[in-house]
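Architecture at a glance
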There are 2 protein chains.
Amino acid sequence: MSPSAVSRDFTSSPTLDTTSKLTKAGTESALSKVTSNGTTTTGNDDIVVADLDASKCTVTHPPTFKPVPALDSAEVLSQSCTTDHMLTARWTEAGGWEAPEIKPYGALSLMPTASVLHYATECFEGMKAYRGADGKVRLFRPDRNAKRFLKSATRISLPAFSTHEFLKCLQRFVGVEARRWLPVDEKDDERFVYLRPTMIATAPALGVQKPKEALMYIIAVLFPRLDEPRRMPPAGAALATNGANGHAVGATPRPSTGMRLLASQHDIIRAWPGGFGNAKVGANYGPSLIAQGEARARGYDQILWLFGDECFVTEAGGSNFFVLWINEDGEKELITAPLGDGTILEGVTRASVLDLVRARGDVKVVERKFTMDEVVRAADQGRLLEGFGAGTAFFIAPVSDVHFRGLDVVFPLGKGEGAKFAMGIKDELKSIMYGRIQHEWGVVVEEL
Amino acid sequence: MSPSAVSRDFTSSPTLDTTSKLTKAGTESALSKVTSNGTTTTGNDDIVVADLDASKCTVTHPPTFKPVPALDSAEVLSQSCTTDHMLTARWTEAGGWEAPEIKPYGALSLMPTASVLHYATECFEGMKAYRGADGKVRLFRPDRNAKRFLKSATRISLPAFSTHEFLKCLQRFVGVEARRWLPVDEKDDERFVYLRPTMIATAPALGVQKPKEALMYIIAVLFPRLDEPRRMPPAGAALATNGANGHAVGATPRPSTGMRLLASQHDIIRAWPGGFGNAKVGANYGPSLIAQGEARARGYDQILWLFGDECFVTEAGGSNFFVLWINEDGEKELITAPLGDGTILEGVTRASVLDLVRARGDVKVVERKFTMDEVVRAADQGRLLEGFGAGTAFFIAPVSDVHFRGLDVVFPLGKGEGAKFAMGIKDELKSIMYGRIQHEWGVVVEEL
């Protein structure tokens, strides 16, 4: 596939846009430009630049390959164990996307003035590649991650790209890494690597402006199983031998009962309508760490992010949040916060849970705003059945209890009962991810 | 000064904090720990680590020095012209602050997993060093920047440091650069360099967690005079020869009447209560670029950020915003948004304007929430006198007009009248910065 070039569609130009919807107009215009014709244009009317082109991708191997550590090793628990290669693709406003390169994993060189280091011009995706029971490697609904990656990039003023070509790059990268990092292992039929597509603005100029140079890269990391604390060794040991290395948040020792959540206070808010809570941009994460650190210091795993005087329930740490309850009309209902106002990340796991449960039809499914008061009332009245986080990193993580301003809201799981509903969904999703059932959501990757 | 070490004050530990104020408690605890005894402690109760120590700073010069370009050159206009050196200081959770180094300016090496590239764990300051009429080099109220830098670092979970030692590092760096980059020049008695203290999280681990490694650095950039468009050459010429290099936002050609503002739409906000708008963290900037780019495309210089259904007036681009009007009681009044709810950056220029005008006593000074409707009504009734942005980069920038959802609110400056009040404040501040009057706000730097 050769780089395509089209003349600019002036009718969709944001510079000529006279509507009043500043952000939406800009975002949608940028999205439509790239998805309709597979090319990108610059802010300068006269220049047409190259789109991302997976067919140009080169591969260079490192002189020696790393040993693949055990999944319960300190290195894996620290979430710092990367694989042998990385994929990079450089973009400039003048020339567009350059040829992607799969090359030995290593440091990036950035000037101290690089936009990403000052203005958080960065976005990422979280995905996994799974070695299936049938020996095949699969991605799970990667088209959804690709579309969200584009949406996040556009929101943070990074360049657009063809999601089709991005997916081809991603598959190529996974194809290169799979044989060593996702070995066929009879004792462990549920191996995965975590994939982190990232885009950063690299232009070395301090002006607060749309970046003129960017780098897309994809790396893979061996992750511990954050959803299965029972499989993990006590993390203290890992920490003690680990010195200054990062110790994974998810690997904190905790009882095996489930995730413990601390509801956020009114003085810290993760996202706001008109903000960027629905984009996977760095700006959503750094500012949340201070609250998360305090949750952890108080013995909780994650913050349950509330919003507004009404204490609307939004997200649990970096995951979407679901409650299964008997609603006030006596129906069994699965509820989660809606996407409408832009404060909730459109999680791939979230969408998949909704799709699966709706298809099954045994439980009512609702996406609407709901409050902590409703959750507390359901608990008081014995109607609270289960709660769980849903996301790529923590997968389906059942909740044992929520501390909400002096109250402990305990789910049946926290009282020693199970989380049958959540675990059922998890098994169903795993069956797709690991190829135990054939499903269009499981996309097989060709190994190289 | 040797690195100091104290045992941990358990009474102020956030881990033992049982109050409900999640963020404030954590921030204030961290701040009090560092400011009261000049040392820092880690999250681990048993470890005491080294504080920043300017006395350990080493200096290494580059083999050759760069030529200093003319202030109207394309390189300066692009806001990418850095000086010969940079100051860096590394921090680890295990060891604390390592010895600062002043060394040749050059690229940073970061692993692709570095926290700053994913989670926006970054903050910065904007300051200037001025070559005075008396030949001396001055900083302007640097203690305020140092305190804000610490506050921003703490808000984004980066390490604390002694502001006193930071200021000594900064002065040492400026002292090294001043002779070449702030030459005594009889033809130009108002030379400055822009200083950018920065802190980034460098730990190579993908866990969403408080960073365990960080880098503080200080760089200096030759900036064009963003507040004085008349001094600038037409920027189109610079752009044409400048190719892919960053073209400075502030250098966009514009009429010499003043800054033109486009009021933000309801679907995009800069900051919110419980967010981080009062911290100088990257997360406030990247998400604003999309709106700013559209403002520029529509012929405006900056976004005037509004908040809420009431359309409260908050900030103008990266500057604080002031209005001078005759209030509804017939008094001449200077008004700006208050700091109370955490959405407004506590600007050093903002504070200085307030201090100066309060000391003068000729105009009433008010910090309160005010709305676009109030501004529109004042314009309709002929009570609107001046508007101006106030900040380090743009300094005091008088506003000619604001476009607010179909309405053009034109200040007298935009009708060809002056902005005498704003220009008077600017002259007064300049007199301090350039040492034409001796004032405690102007801190002389010793040249090396």
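Residues numbered from 1 in each chain as written. Chains lettered and ligands numbered in written order. Predicted model: local features only at pLDDT ≥ 70, side-chain atom pairs only at ≥ 80, totals over all residues. Heavy atoms only, no water.

1. Some thoughts on helix α10 (residues 420–433) of chain A
All names here are of chain A. Over its 14 residues, α10 runs 20 Å from end to end, which matches the ideal 20 Å to within 8%, given 1.5 Å per residue. For α10, the set of buried residues is F421, A422, I425, K426, L429, K430, S431, I432 and M433. In the segment just after α10, G435 is the residue with positive phi, at about 70°. (Helix = DSSP H or I, 4+ residues; strand = E, 2+ residues; numbered from the N terminus. Expected span 1.5 Å × (residues − 1). Buried < 20%, exposed > 50% of the residue type's maximum accessible area, 1.4 Å probe, protein only.)

2. With respect to the nonpolar core
Of all hydrophobic cores here, the largest spans 100 residues; its most connected members are F161, L195 and M199 of chain A together with F161, L195 and M199 of chain B. Listed in part, the 34 residues of the second largest apolar core include F140, F192, Y285 and F322 of chain B. (Core = buried A, V, L, I, M, F, W, Y, C linked by side-chain atoms within 4.5 Å.)

3. So, the packing of aromatic side chains
Each aromatic ring pair is summarised here by two numbers: the centre-to-centre distance and the angle between the ring planes. Applying the stated criterion across every chain yields a total of 29 aromatic pairs over all chains. Consider the rings of F124 of chain B and Y285 of chain B, whose centres lie 5.1 Å apart with planes at 55°: the pair is tilted. Pair noted here: F124 of chain B is in strand β8 (residues 122–124) and Y285 of chain B is in the loop between β13 (259–263) and α7 (289–297), with a separation of 161 residues, a long-range link. Judged by its relative accessible area of 9%, Y285 of chain B is buried. Among the aromatic residues, ring-to-ring pairing joins W97, F149, F161 and F166 of chain A into one connected group. The positively charged end of K369 of chain B is found above the aromatic ring belonging to F312 of chain B, 5.1 Å away from the centroid. (Phe/Tyr/Trp six-rings, centres within 6.5 Å; stacked < 30°, edge-to-face > 60°. Lys NZ or Arg CZ within 6 Å of the ring centre and 35° of its normal.)

4. Some details on the interface of chain B and chain A
The interface of chain B with chain A comprises 88 residues on the first partner and 88 residues on the second. Carbon and sulfur atoms supply 62% of the area buried between chain B and chain A, which totals about 7,300 Å² over both sides. Applying the counting criterion to the chain B and chain A interface returns 0 salt bridges. The interface formed by chain B and chain A contains 29 residue pairs in polar contact (both at pLDDT 80 or more). (Contact = heavy atoms within 4.5 Å. Buried area = accessible area lost by both parts, 1.4 Å probe. Salt bridge = Lys/Arg side-chain N within 4 Å of Asp/Glu carboxyl O. Polar contact = N/O pair within 3.5 Å; in protein donor to acceptor, adjacent residues only side chain to side chain.)

5. Overview of the environment of C169 of chain B
Residue and element names in this part refer to chain B. Residue placement: C169 occurs in helix α5 (residues 163–181). In the structure, C169 is positioned 80 residues away from A89 in sequence and 9.6 Å away in space, judged by C-alpha atoms. Discounting residues that sit within four places of it in the chain, C169 has contacts with L52, A54, L87 and P100.

6. What to know about the UniProt feature "modified residue: N6-(pyridoxal phosphate)lysine" (unreviewed entry) in chain A
All names here are of chain A. Here the UniProt feature "modified residue: N6-(pyridoxal phosphate)lysine" (unreviewed entry) sits at K280. Within the secondary structure layout, K280 lies in the loop between β13 (259–263) and α7 (289–297). If sequence neighbours within four positions are ignored, K280 has contacts with C123, F124, E125, G126, R148, S152, Y285 and L345. (UniProt positions renumbered as here; feature names shortened; annotations may be inferred.)

7. Describing the pattern of salt bridges
On inspection of all chains with the given rule, the structure shows 48 salt bridges over all chains. Residues R436 of chain A and E190 of chain A are paired through a salt bridge, measuring 3.4 Å at the closest nitrogen-oxygen approach. Of this pair, R436 of chain A sits in the loop between α10 and β22 (442–445) while E190 of chain A sits in the loop between α5 (163–181) and β11 (191–201), and the two are 246 residues apart along the sequence. The class for R436 of chain A is partly exposed, based on a relative accessible area of 37%. Across the pair E367 of chain B and R358 of chain B runs a salt bridge whose closest N-O atoms are separated by 2.8 Å.

8. A look at α7 of chain B
With 7 of 9 residues buried, α7 of chain B is to be regarded as a mostly interior element. For α7 of chain B, the complete set of buried residues consists of L289, I290, A291, Q292, E294, A295 and R296 of chain B.

9. Structural notes on the relation of the copies chain B and chain A
When chain B is fitted to chain A, the best match, at an RMSD of 0.0 Å, comes from turning it 180° and sliding it 0.0 Å along the axis. Taken together, the rotation angle and the small translation identify this as a two-fold axis. Mapped onto chain A, 98% of the interface residues of chain B are again interface residues, and the two copies thus contact each other with one and the same surface. (Least-squares fit on C-alpha atoms with pLDDT ≥ 70 in both.)

10. Quick word on the pairing of strand β9 (residues 127–131) of chain B
All names here are of chain B. Across the 5 residues that make up β9, a large majority, 5, are buried. Because side chains alternate across β9, one face comprises the buried residues M127, A129 and R131, and the other comprises K128 and Y130, equally buried. In the sheet, β9 pairs with strand β11 (residues 191–201) via 5 bridges, with the strands oriented antiparallel. In the strand pairing of β11, K128 is matched with Y194. A loop of 5 residues connects β9 with strand β10 (residues 137–140), the two strands running antiparallel in sequence, and G135 in this loop sits at a positive phi of about 85°. (Pairing = 2+ DSSP bridges.)

11. Notes on the packing of helix α8 (residues 348–360) of chain A against α10 of chain A
Residue and element names in this part refer to chain A. In contact at an axis separation of 11 Å, α8 and α10 are set at 105° when each is read in the N-to-C sense. Of the possible angle classes, the one that applies to α8 and α10 is roughly perpendicular. Of the residues in α10, those touching α8 at T349, S352, V353, L356, V357 and R360 are F421, I425, E428 and L429. Its residues assigned to classes, the contact of α8 with α10 comprises 6 nonpolar, 2 polar and 2 charged. (Axes fitted to C-alpha atoms, helices over the stretch in contact; angles between N-to-C directions. Parallel < 35°, antiparallel > 145°, perpendicular 65-115°, else oblique. Nonpolar A, V, L, I, M, F, W, Y, C, P; charged D, E, K, R; others polar.)

12. Here's the deal with the pairing of β13 of chain B
Residue and element names in this part refer to chain B. Counting buried positions over the 5 residues of β13 gives 4, a clear majority of the element. Looking at chain direction, β13 and strand β20 (residues 395–404) are connected through 4 bridges and run parallel. If you follow L262 over to β20, its bridge partner there is H403. Looking at chain direction, β13 and strand β14 (residues 302–307) are connected through 3 bridges and run parallel.

13. Some points on unusual backbone geometry
Residue and element names in this part refer to chain B. Despite not being glycine, Q79 shows a phi value in the positive range, around 55°. Its place among the elements puts Q79 in the loop between α2 (74–77) and β4 (85–92). On the basis of relative accessibility, which here comes to 4%, the residue Q79 falls in the buried class. The backbone of S157 sits at a positive phi, close to 65°, despite the residue not being glycine. Following the sequence through the fold, S157 ends up in the loop between α4 (142–155) and α5. The exposure class of S157 is buried, given its relative accessible area of 3%.

14. Concerning the environment of K210 of chain B
With respect to the helices and strands, K210 of chain B occurs in the loop between β11 and β12 (213–221). Sequence-wise, K210 of chain B and K415 of chain B are 205 residues apart; in three dimensions their C-alpha atoms are separated by 52 Å. Among all residues touching K210 of chain B, those that are not within four sequence positions of it are L289 of chain A together with S157 of chain B.

15. Brief notes about the side chain of S73 of chain B
Residue and element names in this part refer to chain B. Counting through the fold element by element, S73 comes out in the loop between β3 (58–59) and α2. Residue classification places S73 among the buried residues on the basis of a relative accessible area of 18%. Of the polar contacts made by the side chain of S73, one reaches the backbone oxygen of A70; its length is 2.7 Å.

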